[in-house]
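Tertiary structure, described
So you can see what is in the structure, the chains are spelled out below.
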Amino acid sequence: MVQTPKILAFSGSARTDSVNKKFIAVGARAAEAAGARVTLVDMADYDAPLYNGDLEAASGLPGTMKQFKALMLAHDGFLISSPEYNGFFPALIKNTFDWCTRAEAEGEDGMASTTGKFVGLMAASPGGLGGVRCIPRLRDCLAEYGIQAVSGFATLPGAMQAFNDDGSLNNDKAQATVDGLVARLVKALS
Ligand SMILES: Cc1cc2nc3c(=O)[nH]c(=O)nc-3n(C[C@H](O)[C@H](O)[C@H](O)COP(=O)(O)O)c2cc1C
């Protein structure tokens, strides 16, 4: 439990015009307003090959994954906006958590970067379901790393038409859902 929770926020899409990047920026602003200190990162800056044990044995964690692991260790919780690919969250998220939970030294607890932390789950999609099908799957996946999702989620259907030019949402109900989610996340971490 901490006074001012530190939240690491990111989109599961590295795509330049990603609607999830726009949605996570909305979530990050809402979490700041709810009293958290938020670090919003772009996964395009943390590119990594698919996990491969041979690669790890030869050269350890990729530099980008070392950097991201350090960020994870320095934060109390996470806020993630995930795209939905064929009903699931993308490989980018799983791959990042797999790399970042690998121990790099004898006796190191690799899961220290994740265990006991909370996450707020968001998803945005151009489609009518807003990516909601990936939410329970991402919740299950993150539980394997010891991360507990706070109750509920924030999804954004019709995401291509959901933002004003300044990046804000043009739908008060969608904004209220984000505000409710981050309020629960900040409360869980405080
Ligand atoms: C491989 C693939 C599978 C997809 N499957 C789904 C899906 O199951 N549900 C959905 O709502 N959108 C699906 N989409 C469309 C994505 O929601 C859309 O490309 C979205 O813009 C991706 O998120 P981003 O804008 O944050 O990159 C899929 C896109 C791709 C590339």
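Look up: the structure comes first, before these words.
About the thresholds
All residue numbers refer to positions counted from 1 along the written sequence of the respective chain. Totals for whole chains, interfaces and linings use every residue, but because this is a predicted model, local features are given only for residues with pLDDT of at least 70 and side-chain atom pairs only at 80 or more, for both listing and counting. With hydrogens and water stripped out, all remaining heavy atoms of the structure feed into the side-chain values. Helix and strand assignments follow DSSP, with helices taken as H or I runs no shorter than four residues and strands as E runs no shorter than two, numbered in order from the N terminus. Radius of gyration here uses only the C-alpha atoms, and the compact-globule reference equals 2.2 Å multiplied by the residue count raised to the power 0.38. Three exposure classes are used, based on accessible area relative to the maximum for each residue type with a 1.4 Å probe and protein chains only: buried under 20%, partly exposed in between, and exposed over 50%. What makes two residues a contact is simply this: any of their non-hydrogen atoms within 4.5 Å. Surface exposure here means Shrake-Rupley accessible area, sampled with a 1.4 Å probe, where a residue is shielded only by the protein chains that are shown. Note on charges: Lys and Arg go in the positive column, Asp and Glu in the negative column, and His and the chain ends are not counted at all. A charge is said to be at NZ when it belongs to Lys, at CZ for Arg, at CG for Asp and at CD for Glu. Strand pairing is assigned whenever DSSP identifies at least 2 bridges connecting the two strands. The definition of a right-handed crossover adopted here requires that, viewed with the strands pointing away, the path from the first strand over the helix to the second runs clockwise. By construction, the arc corresponds to the directions joining the helix axis to the C-beta atoms. Nearness of a residue to a molecule or strand requires only that one of the residue's heavy atoms be within 4 Å of it. Counting of polar contacts relies on pairs of N or O atoms within 3.5 Å, with two restrictions inside protein: one atom must be capable of donating a hydrogen and the other of accepting it, and residues adjacent in sequence are counted only when both atoms are side-chain atoms. What counts as an axis is a line fitted to C-alpha atoms, over the stretch in contact for a helix, and the angles between N-to-C directions run from 0 to 180 degrees. Here the angle decides the label: under 35 degrees means roughly parallel, over 145 means roughly antiparallel, 65 to 115 means roughly perpendicular, and every other value means oblique. What we call a nonpolar core is a set of buried Ala, Val, Leu, Ile, Met, Phe, Trp, Tyr and Cys residues that are connected through their side-chain atoms within 4.5 Å.

Glancing now at the overall build of the protein chain. Helix and strand content of the protein chain: six helices and six strands. In sequence order, the protein chain lays out its α and β elements as β-α-β-α-α-β-α-β-α-β-β-α. Its C-alpha radius of gyration of 16 Å places the protein chain within 12% of the 16 Å reference for a compact globule of 190 residues. Taken along the three principal axes of its C-alpha coordinates, the protein chain extends 50 × 35 × 25 Å. Counting every position in the protein chain, which comprises 190 residues, the buried fraction comes to 46%. For the protein chain, long-range pairs separated by at least 24 residues make up 78% of all intrachain contacts whose partners lie at least 6 apart in sequence. When the accessible surface of the protein chain is totalled, it reaches about 9000 Å², and 51% of it is carbon and sulfur. Side chains of the protein chain give 17 positive and 20 negative charges; the mean places of these two sets differ by 5 Å.

Pairing between strand β1 (residues 6–11) and strand β2 (residues 37–41): five bridges, direction parallel. The residue of β2 that forms the bridge with Phe10 is Val41. Since β1 and β2 lie parallel, the crossover through helix α1 (residues 19–33) that links them has a hand, and here it is right-handed.

This part takes up helix α5 (residues 134–143). By the burial criterion, the buried members of α5 are Cys134, Ile135, Leu138, Cys141 and Leu142. The buried residues of α5 occupy one face: seen down the axis, they fall within an arc of 125°. Where α5 is buried, its residues contact β3 (77–82), α4 (91–100), β4 (118–124) and β6 (154–156).

Another aspect to go through is the site of the ligand. Contacts to the ligand come from 13 residues, most closely from Ser13, Arg15, Ser18, Glu84 and Ser125. The separation between an oxygen atom of the ligand and a polar main-chain atom of Val19 is 2.9 Å. For the ligand, an oxygen atom lies 3.0 Å from a polar atom in the backbone of Gly87.

Let us now look at the packing of helix α3 (residues 63–73) against α4. In contact at an axis separation of 9 Å, α3 and α4 are set at 80° when each is read in the N-to-C sense. Taken together, the axes of α3 and α4 are roughly perpendicular relative to one another. The residues of α4 that touch α3, namely those facing Met65, Phe68, Lys69 and Met72, are Thr96, Phe97, Trp99 and Cys100.

Our next topic: the nonpolar core. Ranked by internal contacts, the top residues of the largest apolar core, which has 30 residues, are Ile7, Phe23, Leu79, Met122, Leu156, Leu169 and Val178. Of all the secondary-structure elements, those providing two or more residues to this core are β1, α1, β4, β6 and α6 (172–189). Per-element accounting of this core gives the leading share, eight residues, to α6. Apart from the residues within four sequence positions on either side, Met122 is in contact with Phe23, Ile24, Gly27, Leu79, Ile80, Ser81, Ser82, Ile135, Ala154, Val178 and Leu181.

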